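Structure at a glance
So the chains spell out like this:
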Amino acid sequence: MIIAIDGPAASGKSSTARGVAAAAGFVFMDSGLIYRAVALGFLKTGLESTEDDAEISLQRFQIDITCVDSHMHVHIDGVDVTAELHTPQITEMASQVAALKNVRRRLFGLQRGFGDRYGVNPGIVVVGRDMGTVVFPHADLKFFITASLEVRAQRRLIEFHQVGETPSFESVLRAIAERDRQDSERKVAPLKKALDAVMIETDKLTLAEQIDLILGHVLEQSALQ
Ligand code: DC
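All of the points below concern the structure found in this document. A quick note: this is a predicted structure, and the numbers were derived from the prediction, not measured.

Calculation criteria
- Residues numbered from 1 in each chain as written.
- Predicted model: local features only at pLDDT ≥ 70, side-chain atom pairs only at ≥ 80, totals over all residues.
- Heavy atoms only, no water.
- Helix = DSSP H or I, 4+ residues; strand = E, 2+ residues; numbered from the N terminus.
- Buried < 20%, exposed > 50% of the residue type's maximum accessible area, 1.4 Å probe, protein only.
- Contact = heavy atoms within 4.5 Å.
- Expected span 1.5 Å × (residues − 1).
- Near = heavy atom within 4 Å.
- Polar contact = N/O pair within 3.5 Å; in protein donor to acceptor, adjacent residues only side chain to side chain.
- Areas by Shrake-Rupley, 256 points an atom, 1.4 Å probe, with all protein chains shown as cover.
- Nonpolar A, V, L, I, M, F, W, Y, C, P; charged D, E, K, R; others polar.
- Pairing = 2+ DSSP bridges.

**Details of the side chain of Gln 210**
Along the chain, Gln 210 falls in helix 9 (residues 207-224). What makes Gln 210 buried here is its relative accessible area of 4%. Discounting residues that sit within four places of it in the chain, Gln 210 has contacts with Gly 12, Thr 16, Arg 155, Thr 202 and Leu 205.

**A short note on helix 2 (residues 31-44)**
Given a rise of 1.5 Å per residue, 14 residues ought to cover 20 Å, and the 20 Å separating the end C-alpha atoms of helix 2 matches this to within 8%. Here helix 2 lies mainly inside the structure; 11 of its 14 residues are buried. For helix 2, the set of buried residues is Ser 31, Leu 33, Ile 34, Tyr 35, Arg 36, Ala 37, Val 38, Ala 39, Leu 40, Gly 41 and Phe 42. Positive phi appears at Gly 46, one or two residues downstream of helix 2, with a value of about 70°.

**So, helix 4 (residues 88-97)**
By the burial criterion, the buried members of helix 4 are Ile 90, Thr 91, Met 93, Ala 94, Ser 95 and Val 97. Summarising the contacts, the buried residues of helix 4 are in contact with helix 2, helix 5 (101-120) and helix 8 (169-185).

**Let's talk about the site of the ligand**
Taken together, 15 residues sit near the ligand, with Arg 36, Arg 104, Asp 130, Arg 179 and Arg 186 positioned nearest. A distance of 2.9 Å is found between an oxygen atom of the ligand and a side-chain nitrogen or oxygen belonging to Arg 129. Between the ligand and Arg 179, the relevant distance is 2.6 Å, taken from an oxygen atom to a side-chain nitrogen or oxygen of the residue. Contact with the protein chains removes 96% of the 440 Å² of surface that the ligand exposes when unbound. Elements with a minimum of two residues in the shell around the ligand: helix 2, helix 4 and helix 8. Among the elements that take part in the shell around the ligand, helix 2 stands out by supplying 4 residues, more than any other. Residue composition of the shell around the ligand, by class: 4 nonpolar, 4 polar and 7 charged.

**Side note on the environment of Val 135**
Structurally, Val 135 is set in helix 6 (residues 131-135). Residues Val 135 and Val 163, spaced 28 residues apart in sequence, show a C-alpha to C-alpha distance of 33 Å.

**So, the pairing of strand 6 (residues 124-128)**
For strand 6, the tally of buried residues reaches 5 of 5 residues, placing the bulk of the element in the interior. With burial as the criterion, each face of strand 6 is covered, one bearing Ile 124, Val 126 and Gly 128 and the other bearing Val 125 and Val 127. Pairing of strand 2 (residues 27-30) with strand 6 involves 4 bridges; the strand directions are parallel. Bridge pairing in strand 6 links Met 29 to Val 126.

By themselves, these figures tell us nothing about what the structure is for.
So this is what it looks like as structure tokens:
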């Protein structure tokens, strides 16, 4: 079974997807990590976020994904970089490279191959911006997770506080609004809800409630198969 979960930045989709995968015994694939690894590759090899440089990037570094303890890990030239991908610089660059069609084309087969392989056995939860619309239009279940800008900024602020950083609420809100704009206004694979995706508005839901809601759909779907 393939479960596709999409949604905007800081909507809680990754935590929800990880929880669903753990409860169902499925593999978890966070496609954002792959875009982040490409961004790191660009930064390390001095490339800029242009279509020409995206073409060149193919010769500059190799991206691979593997499955470690039911989680997708991402490698640059054979080195596992999964734990290094959440710096502000990479976040900014990832949003830029994700808008390049030469980058998206490069990553399509990688994601599709991984998802289809683990989707058969034991099942997989894939999360990102275009999982249900572009990469896995054939997914068994699709969800679009969202929350208001204010709630997402508040959640991101708490994450910053947990790692000892103290940006202002306004600056966090502005950064998320800007990423929303970049992710949804780009020409290739913009963030949007698949027509057949179930919309989940999480402003008033806890993480446990979001996970349970999706697991309910999974159980229903399993009973049908
Ligand atoms: O989910 P994230 O913040 O880790 O994603 C990093 C960037 O990659 C973000 O700007 C959106 C982009 N992305 C994308 O365009 N398509 C995906 N399937 C996943 C992420």
